[in-house]
Amino acid sequence: MTPILEFDPDKLKFIRYDAQNHRLPVLNFAQSSGDDPLGVQDYYLHISAGKFLKNKLIYVLRYEKEWVGFFSIGLTNIRRKSDPNVLGMAEIESNKFTNGLLIDKIGIDQKYRCFGIGRYILHFCIGLAKSIEGDDQIRIIIFETTNSLAEKIYHPKYRFNYVKKEDKLVWAYKPIC
């Protein structure tokens, strides 16, 4: 592997994963401390072993010839609380549920972090969500992350709000208009 000196986003490719056509390499998705609070490494090992996850689309990312990460997505229904401002969706009428795009897992290999790859994944998912119209229109993107990542990256850089889930984990979300 040649180290990246200057990241060129045009060399980043999103590929829909197909277990019969792709052989995934061993990648390291743990945090630099070795922790994996979101279970990304085990999830990746599960899909790289060819075990499909029901109702999920999996995308792998390549930078030039190197595999650099993956993410999985699925559709979900979000139940709103009685407060119409919860999740920033006051414009939704009286429905108690709204369609959402769940980013189930995001994994970027340790060697490829800090190049903005996560930003491109989020932009891809937002674009995908906006492309769905009609009754199936997606109104929110949501994913699980750590509180520290939500505070340091997702909220200040990408304007994702977040609510506490458990211990150090949160749900990050962004309404899609």
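See above for the structure.
Read on for a plain summary of the structure. Because the structure is predicted, anything quoted here is derived from the model rather than measured. (Residues numbered from 1 in each chain as written. Predicted model: local features only at pLDDT ≥ 70, side-chain atom pairs only at ≥ 80, totals over all residues. Heavy atoms only, no water.)

Here we have seven strands laid out as an open sheet, ordered β1-β2-β3-β4-β5-β7-β6, and mixed in their pairing. Either end of the sheet is taken by a strand with one partner, and the two such strands are β1 (12–16) and β6 (161–166). Between one strand axis and the next, the sheet turns by 30 degrees as a mean value, whatever way the strands run. Pairing of β1 with strand β2 (residues 57–63) involves five bridges; the strand directions are antiparallel. (Pairing = 2+ DSSP bridges. Helix = DSSP H or I, 4+ residues; strand = E, 2+ residues; numbered from the N terminus. Axes fitted to C-alpha atoms, helices over the stretch in contact; angles between N-to-C directions.)

All right, on to the pattern of salt bridges then. Considering all chains together, one arrives at three salt bridges under this definition. A salt bridge links K11 to E64; the nearest nitrogen and oxygen atoms lie 3.0 Å apart. One end of the pair, K11, is in the segment before β1; the other, E64, is in the loop between β2 and β3 (66–79), with 53 residues separating them in the sequence. K11 sits in the partly exposed class, given a relative accessible area of 34%. Judged by relative accessible area, E64 falls into the partly exposed class, the value being 48%. Measuring nitrogen to oxygen at the nearest pair gives 3.4 Å for the salt bridge that ties D109 to K111. In this structure D109 comes out as buried when scored by relative accessible area, which is 2%. (Salt bridge = Lys/Arg side-chain N within 4 Å of Asp/Glu carboxyl O. Buried < 20%, exposed > 50% of the residue type's maximum accessible area, 1.4 Å probe, protein only.)

What follows is about the environment of D109. Inspection of the secondary structure puts D109 in the loop between β4 (97–108) and α2 (117–131). Counting along the chain gives 83 residues from D109 to V26, while the straight-line C-alpha distance between them is 9.4 Å. Not counting residues within four places of it along the chain, the set of residues in contact with D109 comprises L27, N28, F29 and V68. From its side chain, D109 meets the backbone nitrogen of N28 in a polar contact 2.7 Å long. (Contact = heavy atoms within 4.5 Å. Polar contact = N/O pair within 3.5 Å; in protein donor to acceptor, adjacent residues only side chain to side chain.)

Phi angles above zero are rare outside glycine, and C114 is one such case at about 75 degrees. In this fold, C114 is placed in the loop between β4 and α2. Look at C114 and you get exposed, because its relative accessible area is 82%. Unlike most non-glycine residues, R159 shows phi in positive territory, near 60 degrees.

Here α2 is 15 residues long and its end C-alpha atoms lie 21 Å apart, about the 21 Å a rise of 1.5 Å per residue gives. Looking at α2, one finds that the buried residues are I117, I121, L122, C125, I126 and A129. (Expected span 1.5 Å × (residues − 1).)

Counting residues in each nonpolar core, the largest one holds 26 residues, and the members touching the most others are I117, C125, I141 and F160. When residues of this core are traced back to their parent elements, those giving at least two are β2, β3, β4, α2, β5 (140–146) and α3 (147–158). Broken down by element, the residue count for this core peaks at six residues, all from α2. Excluding its chain neighbours within four sequence positions, the residues that come into contact with F160 are L122, I141, F143, Y154, H155, A172, Y173 and K174. By size, the runner-up hydrophobic cluster in this structure holds 14 residues, among which are Y17, L24, Y43 and Y44. (Core = buried A, V, L, I, M, F, W, Y, C linked by side-chain atoms within 4.5 Å.)

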